[in-house]
Amino acid sequence: MSKPPIVKPGEILCRVEDLSDPPSKAFTLQFDDGEEVEIFAVRKDDCVYAYINDCPHQLLPLNWKDDVFLTLDKSRILCVMHGATFRIETGQVLSGPMPANCALTAVPIDVIDGVVRLAPREES
Ligand code: FES
């Protein structure tokens, strides 16, 4: 797999219409200190959600192919490592080899006028 494009907090990820075929896309979130985290955005109908690309089962990436994060029928997020599935809208696990209360970690985004933007990093 190729390294997903780099984005920084507060920057534009993509347009909603860019998430159509496939309806998911990977990015590399890079912080000011150089730390990088793989994330992905996924569209369902006209809503967009974003998560860290770490499966809560063994903290492995969910995908084996660039930008492909969904089941064949595109109804769930899929981890190809051991087949866990997750609800697109919440990241909550629906099936798989982990406790039912597991979930993907959401990444805060804003969608305004069809543009998907990462939330700015909160100051601590
Ligand atoms: S690492 Fe995702 S189901 Fe095992």
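First things first, this report covers the structure right here in the doc. Since the model is a prediction, treat every value here as computed from it, not as a measurement. (Residues numbered from 1 in each chain as written. Predicted model: local features only at pLDDT ≥ 70, side-chain atom pairs only at ≥ 80, totals over all residues. Heavy atoms only, no water.)

### Here we look at the state of the cysteines
Rule in force here: Cysteine sulfur atoms that pair up within 2.5 Å are treated as a disulfide. Only protein chains enter the accessibility calculation, which uses a 1.4 Å probe. A residue is then buried if its area is under 20% of the maximum for its type, exposed if over 50%, and partly exposed in between.
Tallied over the full model, the rule gives zero disulfides. Among the cysteines around Cys-14, which has no disulfide bond, Cys-47 carries the closest sulfur, lying 14 Å off. Exposure remark for Cys-14: the relative accessible area of 6% places this residue in the buried category. In this structure Cys-102 is not part of a disulfide, and its nearest cysteine sulfur, from Cys-55, lies 8.1 Å away. Looking at Cys-102, the relative accessible area reads 15%, which means it is buried.

### Structural notes on the sheet that holds strand β2 (residues 12-15)
Either a parallel or an antiparallel arrangement is found when strands of a sheet pair, and the pairing is made through backbone hydrogen bonds. This is how the line gets drawn: Here a strand pair is declared whenever DSSP counts at least two bridges between the two strands. Under the DSSP-based scheme used, a helix requires at least four consecutive residues in state H or I and a strand at least two consecutive residues in state E, with every element numbered from the N terminus. Comment: axis = line fitted to C-alpha atoms, over the contacting stretch for helices; angle = value between 0 and 180 degrees taken between N-to-C directions.
Taken in spatial order, the three strands of this open sheet run β2-β10-β9, and their pairing is antiparallel. Of all the strands in the sheet, just β2 and β9 (109-112) have a single pairing partner and so form its edges. Neighbour-to-neighbour, the strand axes of the sheet open up by a mean angle of 20 degrees, direction not taken into account. Direction of pairing for β9 relative to strand β10 (residues 115-118): antiparallel, over a ladder of four bridges. Directly across from Ile-109, in β10, lies its bridge partner Leu-118.

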